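# Observations on chain architecture
One-letter residues, chain by chain:
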Amino acid sequence: MSNPPLPSPFLLQLFRLQEAERLQVGRALHNQVGQALSAIKMGAHLVQSEDDPAQQQEDLQDIIRTCDETVAILRDLHATLHPPQLEAIGLDAALRAEHERVFPGTAVTLAPLPNMPAADTALVAFRIAQVAMRAVAGAGGRLALELAGDADAEGGLAVTLDADVHAACTELPLLQALAATLGGGLESSSGGRGSRWQLRLPYAPAPVTPTDTA
């Protein structure tokens, strides 16, 4: 049985979010990566025309540094578009990496899940947590993250995010609708000096892909 379509306001919000993400990626490619490649090209021309060995080494070091910075930008864009750890290592590793990326200098400890969740479940859980992290970081706060999985319990995959600030999340209705399409739920509450998001999704081990013995 297929899931019902999202109401029109949610579809419009989803479209706007996708366009905002495309704009972010486009700006990063043009303003950061494009300028870095131009600087690398200019530096290479300088090396070609430089007769002083010491100056050549300095120019080469500038090129290497710019290359490293460009690789870091591309890795950040890749992680934003699709977290590489999600499929290779698992949801817990992807959430840890995203937490460290959004909150530099901090670390979070998550116990590994008993089984890899289904691909759609893992991706929805990650994206919802990612939006919450960015909302908290944008409000200048920090966030504690918990992950638990029990295949025998209803809503057996649980992600809890506790922020030390009140962080507004304009995407909340869309994220709640997204969780509902998988048979789960997302609750948001504020109290004291912080915000909390509690996500629950059905949890069943991901199907094992048959090994090709040919």
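About the criteria used
- Residues numbered from 1 in each chain as written.
- Predicted model: local features only at pLDDT ≥ 70, side-chain atom pairs only at ≥ 80, totals over all residues.
- Heavy atoms only, no water.
- Axes fitted to C-alpha atoms, helices over the stretch in contact; angles between N-to-C directions.
- Helix = DSSP H or I, 4+ residues; strand = E, 2+ residues; numbered from the N terminus.
- Parallel < 35°, antiparallel > 145°, perpendicular 65-115°, else oblique.
- Contact = heavy atoms within 4.5 Å.
- Nonpolar A, V, L, I, M, F, W, Y, C, P; charged D, E, K, R; others polar.
- Core = buried A, V, L, I, M, F, W, Y, C linked by side-chain atoms within 4.5 Å.
- Buried < 20%, exposed > 50% of the residue type's maximum accessible area, 1.4 Å probe, protein only.
- Salt bridge = Lys/Arg side-chain N within 4 Å of Asp/Glu carboxyl O.

Contact pair helix α2 (residues 53-81) / helix α5 (residues 119-138): the axes reach a minimum separation of 11 Å and the direction vectors enclose 125 degrees. In terms of orientation, α2 and α5 fall into the oblique class. Contact residues: α2 offers Ala79, Thr80 and Leu81, while α5 offers Arg127, Gln130 and Arg134. In terms of residue class, the contact of α2 with α5 is built from two nonpolar, two polar and two charged.

Generally speaking, soluble globular proteins have nonpolar side chains that are buried together. Residues Leu91, Leu95, Leu145 and Trp197 are the most contacted members of the largest nonpolar core, which totals 37 residues. Here this core takes 10 residues from α5, the largest share from any one element. If we skip the residues at most four places from it in the chain, Leu95 touches Leu110, Phe126, Ala129, Met133, Leu145 and Leu147.

Across all of its chains, the model carries four salt bridges by this definition. Arg96 is the partner of Asp92 in a salt bridge, and the nearest nitrogen-oxygen pair spans 3.6 Å. Of this pair, Asp92 and Arg96 both sit in helix α4 (residues 91-102), four residues apart, which is roughly one turn of that helix.

Shape is all these values report; function is a separate question.
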